Amino acid sequence: EADGNLSIHARPSEDDQRGWTRHATGRILPDAAIGAAAPALDLDAVRDRLAAYASDIYPALARKGLQYGPAFANLRGVWLGTDEALGHIVAGPEIAADFSDAGRPYHLHPALLDSCLHPLALMPGEGTYLPSGCGEVTVHAAAPAGSEFW
């Protein structure tokens with residue numbers, strides 16, 4: 001919309017009579033409204049205080065009932081603490097075409113955003129943590145092909 005408000009809707013299929021369901025709403029702000037750049041993060045210090053996750057990531061998530069297709073399996077490393085997690089995310093070849101032209105539709109690809117949440121499901125403890133909401137996402141720059149995220 002012209003005022004920056006947005007909503008995300010989905011439906012099961014074109015021939016499903018239930019219609020569209022709204023799943024999310026948000027607002028897109030111009031760069032000037034966002035403020036300062038993200039603070040620097042000392043990745044070495046974070047990795048030093050956390051334990052590297054030694055298992056195969058996606059088989060471990062599958063054992064918890066979370067199955068991801070190739071486009072959403074972008075997590076390459078995980079470091080965990082009791083109340084902190086760090087993930088190393090690299091855009092896989094399955095979504096490379098989405099970054100290939102100047103008119104690409106994403107500043108932050110949905111599969112990469114989803115991959116940012118995967119370390120949470122590997123946190124120690126019983127059950128599986130599955131986020132159901134997000135208060136705010138700030139994108140400081142568009143992610144070029146081959147980007148890695150922490």
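Everything below is about the structure printed above this text.
Here the structure is a predicted model, which is why all the values come from computation and not from measurement.

**Structural notes on the nonpolar core**
In step 1: In terms of nonpolar packing, the biggest core is built from 17 residues, with Ile57, Tyr58, Leu61, Leu75, Val78 and Leu122 touching the most fellow members.
In step 2: At the level of elements, α3 (57–63), β4 (75–80) and α4 (110–117) are the ones that each hand at least two residues to this core.
In step 3: Top element by residues in this core is α3. It accounts for four residues.
In step 4: When sequence neighbours within four positions are dropped, the list of residues in contact with tyrosine 58 reads Tyr68, Phe72, Ala73, Asn74, Leu75, Ser115 and His118.
In step 5: In this structure, Leu43, Leu50, Trp79 and Leu86 belong to the second largest nonpolar core, which totals five residues.

**Observations concerning the environment of leucine 61**
In step 1: Following the sequence through the fold, leucine 61 ends up in helix α3.
In step 2: Classification of leucine 61 by relative accessible area gives buried; the value is 0%.
In step 3: Between the alpha carbons of leucine 61 and proline 119 there is a distance of 9.3 Å; along the sequence they are 58 residues apart.
In step 4: When sequence neighbours within four positions are dropped, the list of residues in contact with leucine 61 reads Leu66, Tyr68, His118, Ala121 and Leu122.

**As for the pattern of salt bridges**
In step 1: Evaluated as defined, the whole model comprises two salt bridges.
In step 2: In this structure, the salt-bridge partner of glutamate 84 is arginine 49, at a minimum N-O distance of 2.7 Å. Within this pair, whereas glutamate 84 is found in the loop between β4 and β5 (85–90), its partner arginine 49 is found in helix α2 (residues 43–49), the two being separated by 35 residues in sequence.
In step 3: A relative accessible area of 27% places glutamate 84 in the partly exposed class.

**Some remarks on the pairing of β5**
The side chains of a regular strand alternate between the sheet's two faces.
In step 1: Of the pairings in the sheet, the one linking β4 to β5 comprises five bridges and is antiparallel in character. Opposite leucine 80, over in β5, you have alanine 85 as the bridge partner.
In step 2: The antiparallel pairing of β4 with β5 creates a hairpin that spans four residues between the two strands.
In step 3: As judged from the two bridges shared by β5 and strand β6 (residues 148–149), these two strands associate in the antiparallel manner. Considered in β6, the bridge of isoleucine 89 is made with phenylalanine 149.

**Some points on the sheet that holds β6**
In step 1: Taken in spatial order, the four strands of this open sheet run β3-β4-β5-β6, and their pairing is antiparallel. A strand with exactly one partner marks an edge of an open sheet, and here the two such strands are β3 (51–52) and β6.

**Quick look at the packing of aromatic side chains**
In step 1: This structure, assessed with the given rule, holds two aromatic pairs.
In step 2: Where tryptophan 79 meets tryptophan 150, the ring centres are 5.6 Å apart and the plane angle is 45°; that geometry is what we call tilted. Here tryptophan 79 is found in strand β4, whereas its partner tryptophan 150 is found in the segment after β6, with 71 residues between them in sequence.
In step 3: Look at tryptophan 79 and you get buried, because its relative accessible area is 17%.
In step 4: Here the guanidinium or amino end of arginine 47 rests over the ring plane of tryptophan 79, the centre of that ring lying 5.9 Å away.
In step 5: One cation-aromatic arrangement involves arginine 47 over tryptophan 150; the distance from NZ or CZ to the ring centre is 4.8 Å.

Cut-off values and rules
Residues numbered from 1 in each chain as written. Predicted model: local features only at pLDDT ≥ 70, side-chain atom pairs only at ≥ 80, totals over all residues. Heavy atoms only, no water. Core = buried A, V, L, I, M, F, W, Y, C linked by side-chain atoms within 4.5 Å. Buried < 20%, exposed > 50% of the residue type's maximum accessible area, 1.4 Å probe, protein only. Helix = DSSP H or I, 4+ residues; strand = E, 2+ residues; numbered from the N terminus. Contact = heavy atoms within 4.5 Å. Salt bridge = Lys/Arg side-chain N within 4 Å of Asp/Glu carboxyl O. Pairing = 2+ DSSP bridges. Phe/Tyr/Trp six-rings, centres within 6.5 Å; stacked < 30°, edge-to-face > 60°. Lys NZ or Arg CZ within 6 Å of the ring centre and 35° of its normal.

Any functional reading would require information that these geometric values do not contain.
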